[in-house]
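Examination of the molecular architecture
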Amino acid sequence: MSDPILSLKEVSLTLKGNAGAIKILRDVNLEVTAGSTLGLIGPSGSGKSSLLMIMGGLEQASSGQVLALGHSLGDMNEDELAIFRRDNMGVIFQSFHLIPTMTILENVATPLELRGEKDAFERAAAELTSVGLGERLDHYPSQLSGGEQQRAALARALAPRPKLMLADEPTGNLDQENGNAVIDLLFSLSQKNGTTVVMVTHSNELAARCDRVIRLQDGQVIVE
Ligand SMILES: Nc1ncnc2c1ncn2[C@@H]1O[C@H](COP(=O)(O)OP(=O)(O)OP(=O)(O)O)[C@@H](O)[C@H]1O
Ligand SMILES: [Mg+2]
């Protein structure tokens, strides 16, 4: 069997709150097979977004080990993590905003350029066209609706063809039609390019399309 692309061992996350330490995640053990799709479900506040942040190195685990593509995220500093993410991961978080002073074309093309890719602007235009924003390339994020901005952010995450895609409720702001289009794109990317997708969702229908689903409750994995 191939090595897992993501491996979490005894991962815990404790944050300090006003009323003392809060245990957000407790002893999470998880291995994600390369090329698979994993759905993360569970009630609000159960730790889904926190777990995804840890997988992406956006939050450091308080204890335990996180290996992504064989690299220990806990041993990297912020700069190393940023480069590692740029080269290997696509992240779609609600807090991962587009850069307001750049057009959406520039938003998508810039990370490609930073990776040293030559046809960054052509690739970016094609990617935005595939999410239905081909006519809006020169628009700034503020000129787009919430759902359009979300699709632009998706295009930005997809354009580099990352090995690993982390998505937190990627259809959260979208209507049914656009939501389905985004999800079809994610799944077809996974099938065509072998992209591993980890997706937080409140939709049972969406979770059912994943190869594997885990449910979190109170910071623990309760059902596989
Ligand atoms: N920075 C923080 N400081 C203190 N508590 C936090 C912080 N971030 C998250 N939490 C708490 O950690 C718990 C898990 O939060 P998380 O955002 O991971 O939940 P979630 O499963 O994604 O929920 P939702 O479905 O509502 O998005 C919650 O109780 C939340 O209040
Ligand atoms: Mg969340």
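Not measured: the values here are computed from a predicted model. (Residues numbered from 1 in each chain as written. Chains lettered and ligands numbered in written order. Predicted model: local features only at pLDDT ≥ 70, side-chain atom pairs only at ≥ 80, totals over all residues. Heavy atoms only, no water.)

1. Re helix 3 (residues 104-114)
The cut-off we apply is this: Think of it in three bands: with a 1.4 Å probe and only protein chains considered, a residue is buried below 20% of the maximum accessible area for its type, exposed above 50%, and partly exposed in between. The helix count covers DSSP runs of H or I at least four residues long, the strand count covers runs of E at least two residues long, and both are numbered beginning at the N terminus. Throughout, a contact is declared for two residues whenever any of their heavy atoms are within 4.5 Å.
Those residues of helix 3 that sit buried are I104, L105, N107, V108, A109 and L112. Tucked into the core, helix 3 has its buried residues touching helix 4 (120-130) and helix 5 (146-158). Following helix 3 by one or two positions, G116 adopts a phi angle in the positive range, close to 85°.

2. Points about the layout of surface pockets
Our working definition: A pocket, in this scheme, is an open set of points on a 1 Å grid over the protein atoms alone with protein on both sides within 12 Å along at least 5 of 7 lines, while a cavity is a set where a 1.4 Å probe fits but cannot get out; residues line either one if an atom lies within 4 Å of a point. Grid points are joined across faces, edges and corners, and a volume is the space filled by probe spheres set on the points.
Volume-wise, the second largest pocket comes out at about 290 Å³. If you trace the second largest pocket, you find 15 residues lining it, with T171, N180, I183, S203 and L206 closest to the centre. Every element with two or more residues in the lining of the second largest pocket is listed here: helix 6 (176-193) and helix 7 (204-208). Looking at the lining of the second largest pocket, the element that brings in the most residues is helix 6, giving 4 residues.

3. Things to note about the nonpolar core
The condition that has to hold: Put simply, buried Ala, Val, Leu, Ile, Met, Phe, Trp, Tyr and Cys residues joined by side-chain atoms within 4.5 Å make one nonpolar core.
Counting 35 residues, the largest nonpolar core has L128, L154, M165 and M199 as the members making the most contacts within it. Where this core is concerned, the elements lending two or more residues are helix 3, helix 4, helix 5, strand 7 (164-168), helix 6 and strand 8 (196-200). L13, L81, V198 and I214 belong to the second largest nonpolar core, which has 31 residues in total.

4. Observations concerning the pattern of salt bridges
Quick note on the threshold: Each reported salt bridge corresponds to a side-chain nitrogen of Lys or Arg within 4 Å of a carboxyl oxygen of Asp or Glu.
Throughout the structure, instances matching the rule amount to 6 salt bridges. We note a salt bridge from R86 to D87, for which the minimum N-O separation is 3.3 Å. Since its relative accessible area comes to 31%, D87 is described here as partly exposed. Here R161 ties to E127 by a salt bridge, and the two come within 3.2 Å at their closest N and O atoms. With R161 in the loop between helix 5 and strand 7 and E127 in helix 4, the pair connects residues that are 34 residues apart, well separated along the chain. Exposure remark for E127: the relative accessible area of 8% places this residue in the buried category.

5. Looking at the site of ligand 1
Formally: Distances are taken per atom, and a residue is near a molecule or strand as soon as one of its heavy atoms is within 4 Å of it. A 3.5 Å cut-off defines polar contacts: any pair of N or O atoms within that distance qualifies, except that in protein one atom must be a possible hydrogen donor and the other a possible acceptor, and neighbouring residues in sequence count only when both atoms are side-chain atoms. For this scheme, ten residues count as nonpolar: Ala, Val, Leu, Ile, Met, Phe, Trp, Tyr, Cys and Pro. Four count as charged, namely Asp, Glu, Lys and Arg, and the remainder, Gly too, count as polar.
As a matter of local geometry, ligand 1 sits amid L15, I24, P43, S44, G45, S46, G47, K48, S49, S50, E169 and H202. Within the side chain of H202, one N or O atom sits 3.2 Å away from an oxygen atom of ligand 1. When residues of the shell around ligand 1 are assigned to their parent elements, the largest contribution, 3 residues, is made by helix 1 (residues 48-55). Among the residues making up the shell around ligand 1, the classes are represented as 3 nonpolar, 7 polar and 2 charged.

6. Considerations on the sheet that holds strand 4 (residues 63-68)
Strand pairing in a sheet relies on backbone hydrogen bonds, with the paired strands running either antiparallel or parallel. Selection rule: Pairing between strands is defined by DSSP: at least two bridges between them are needed.
Pairing is antiparallel in the open sheet, where 4 strands are placed in the order 2-1-4-5. Because the sheet does not close on itself, it has two edges, and the strands there are strand 2 (20-33) and strand 5 (71-72). Relative to strand 5, strand 4 runs antiparallel, the two being bridged by 2 bridges. Residue pairing for strand 5: L67 is matched across the bridge by S72.

7. Topic: the sheet that holds strand 3 (residues 37-41)
Under the convention used in this document: As a rule, the C-alpha atoms of each element are fitted with a line to give its axis, helices using only the stretch in contact, and angles between N-to-C directions run from 0 to 180 degrees.
Strand order in the open sheet formed by 6 strands is 6-7-8-3-9-10, and the pairing between neighbours is mixed. The outermost strands of the open sheet, each flanked by one partner alone, are strand 6 (89-92) and strand 10 (220-223). Ignoring strand direction, the axes of neighbouring strands in this sheet form an average angle of 20°. One ladder, built from 4 bridges, connects strand 3 with strand 8; its direction is parallel.

8. With respect to the packing of helix 3 against helix 5
Short version of the rule: For classification, angles of less than 35 degrees are called roughly parallel, those exceeding 145 degrees roughly antiparallel, those between 65 and 115 degrees roughly perpendicular, and all remaining angles oblique. Two helices cross in a left-handed way if the nearer one is turned anticlockwise from the farther one by less than a right angle. They cross in a right-handed way if the turn is clockwise.
Closest axis-to-axis distance for the helix 3/helix 5 pair is 8 Å, and the angle between their directions is 20°. Comparing their axes, helix 5 and helix 3 come out roughly parallel. Along this stretch, helix 3 crosses helix 5, giving a crossing that reads as right-handed. Here I104, N107, V108 and P111 of helix 3 come into contact with helix 5, specifically with A152, A155 and R156. Its residues placed into classes, the contact of helix 3 with helix 5 shows 5 nonpolar, 1 polar and 1 charged.

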